[in-house]
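Each chain, written out:
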Amino acid sequence: MPDIQEHRFPDAPAAATALAASIADRLAAAIGQRGTATLVLSGGRSPAAVFEALRERALPWDKVIVAQVDERWVPADHADSNNRLIREHLLQGPASAARFVPMKNDAATAREGQPACEAAMRALPLPFDAVLLGMGEDGHTASLFPEARELQEGLTTQALTLAVTPPAAPHERMSLSVAGLLHSRALILQIGGAAKEAVYREALGTGPVEAMPIRAVLRQDKVPVEVWISE
Ligand SMILES: O=C(O)[C@H](O)[C@@H](O)[C@H](O)[C@H](O)COP(=O)(O)O
């Protein structure tokens, strides 16, 4: 049975503050035990408030490695870049001392860039200390989308990364695979609002992983899962 711990909050700001404190404590413990901490972050809209609360936490940021769960294959200054999101909302002030390992490289496409991205991710200390995930209302997480033609690859490959062309969402993506996500000491899923909580509850039920790829995270029993829910 998977180890899923739920944390509920009345609103998004309370959840973001508490989640940032929990992540900071986890990073501090990792640094205390191993000298460094590796935090792997999703993009999208939800995590910005967590990043802004996290950057205020007193940490030896020069001992923190920040990497990405997934990335839109766009320039780092593009409005849709997760790299830009992390730099603008997290890597500010003392937190700018963290070592940031972006997913996107100079390849023209994610598919062409995957070998170098794979090598960069495998060069990080494994397992990661924490992976922060979001979820779409279609049950996707990372860039593992239900209708993506690369979904089976994402569910089954032993590679850490793969290129994904979302069926509807913009931009070709690079994403951690399920195997990549499971190279972590903790999987932290952030769920905001009633609609997403309903999707999460449905994902906990029966049904194919392919229909709701977040199920690959919720059904595994290798890595503890924390679910941080704000109403
Ligand atoms: O690049 C991305 O978009 C994310 O990594 C993606 O997996 C995100 O976590 C979900 O789509 C939820 O996004 P929101 O937080 O914007 O709802």
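No experiment lies behind these values; they were computed from the predicted model shown. (Residues numbered from 1 in each chain as written. Predicted model: local features only at pLDDT ≥ 70, side-chain atom pairs only at ≥ 80, totals over all residues. Heavy atoms only, no water.)

Caption draft 1: Main features of the sheet that holds strand β8 (residues 173-176). On the basis of which strands lie adjacent, the open sheet formed by three strands has the order β4-β8-β7 and antiparallel pairing. Looking along the sheet, the strands with just one partner apiece sit at the ends: β4 (70-72) and β7 (161-164). Strand-to-strand twist across the sheet, computed as the mean angle between neighbouring axes with direction ignored, equals 20°. Sheet strands touched by helix α4 (residues 110-122): β7 and β8. Its angle to β7, the strand with the most contacts, is close to 160°. (Pairing = 2+ DSSP bridges. Helix = DSSP H or I, 4+ residues; strand = E, 2+ residues; numbered from the N terminus. Axes fitted to C-alpha atoms, helices over the stretch in contact; angles between N-to-C directions. Contact = heavy atoms within 4.5 Å.)

Caption draft 2: Quick look at the pattern of salt bridges. Evaluated as defined, the whole model comprises 13 salt bridges. In this structure, the salt-bridge partner of R149 is E150, at a minimum N-O distance of 3.7 Å. Exposure remark for E150: the relative accessible area of 4% places this residue in the buried category. Beyond isolated ion pairs, a larger network of salt bridges with shared partners links E6, R8, E197, R201 and E231. (Salt bridge = Lys/Arg side-chain N within 4 Å of Asp/Glu carboxyl O. Buried < 20%, exposed > 50% of the residue type's maximum accessible area, 1.4 Å probe, protein only.)

Caption draft 3: The side chain of D129, seen in detail. You can see D129 is positioned in the loop between α4 and β6 (130-133). Only 2.6 Å separates the side chain of D129 from the side chain of R34, close enough to count as a polar contact. When near neighbours in sequence (up to four residues on either side) are disregarded, D129 contacts R26, A30, R34, T36, A37, T38, S184, R185 and A186. (Polar contact = N/O pair within 3.5 Å; in protein donor to acceptor, adjacent residues only side chain to side chain.)

Caption draft 4: Structural detail: helix α3 (residues 82-89). Residues of α3 that are buried: N82, N83, L85, I86 and H89. Projected down its long axis, α3 carries its buried residues within an arc of 165°, all on one side. Contact partners of the buried residues in α3: β2 (37-41), α2 (48-54), β3 (64-68), β4 and β5 (99-101). Where α3 begins, the capping side chain belongs to S81, and its oxygen is found 3.1 Å from the backbone nitrogen of N83. (Arc of directions from axis to C-beta.)

Caption draft 5: Structural detail: the environment of E226. Mapped onto the elements of the fold, E226 is located in strand β10 (residues 225-230). Relative accessible area serves as the criterion here: at 10%, E226 is assigned to the buried category. Residues E226 and R26, 200 residues apart in the sequence, show an inter-C-alpha distance of 12 Å. Once residues within four sequence positions are removed from consideration, E226 is found in contact with Q5, H7, S22, R26, L187, I188 and L189. A polar atom in the side chain of E226 sits 2.9 Å from the side chain of W228.

Caption draft 6: The arrangement of the site of the ligand in detail. Neighbouring the ligand are 14 residues, the closest being R45, S46, D70, A142 and K196. One nitrogen or oxygen atom from the side chain of S46 is found 2.5 Å from an oxygen atom belonging to the ligand. Protein chains bury 92% of the 410 Å² of accessible surface belonging to the ligand in isolation. For the shell around the ligand, the residue count by class is two nonpolar, seven polar and five charged. (Near = heavy atom within 4 Å. Areas by Shrake-Rupley, 256 points an atom, 1.4 Å probe, with all protein chains shown as cover. Nonpolar A, V, L, I, M, F, W, Y, C, P; charged D, E, K, R; others polar.)

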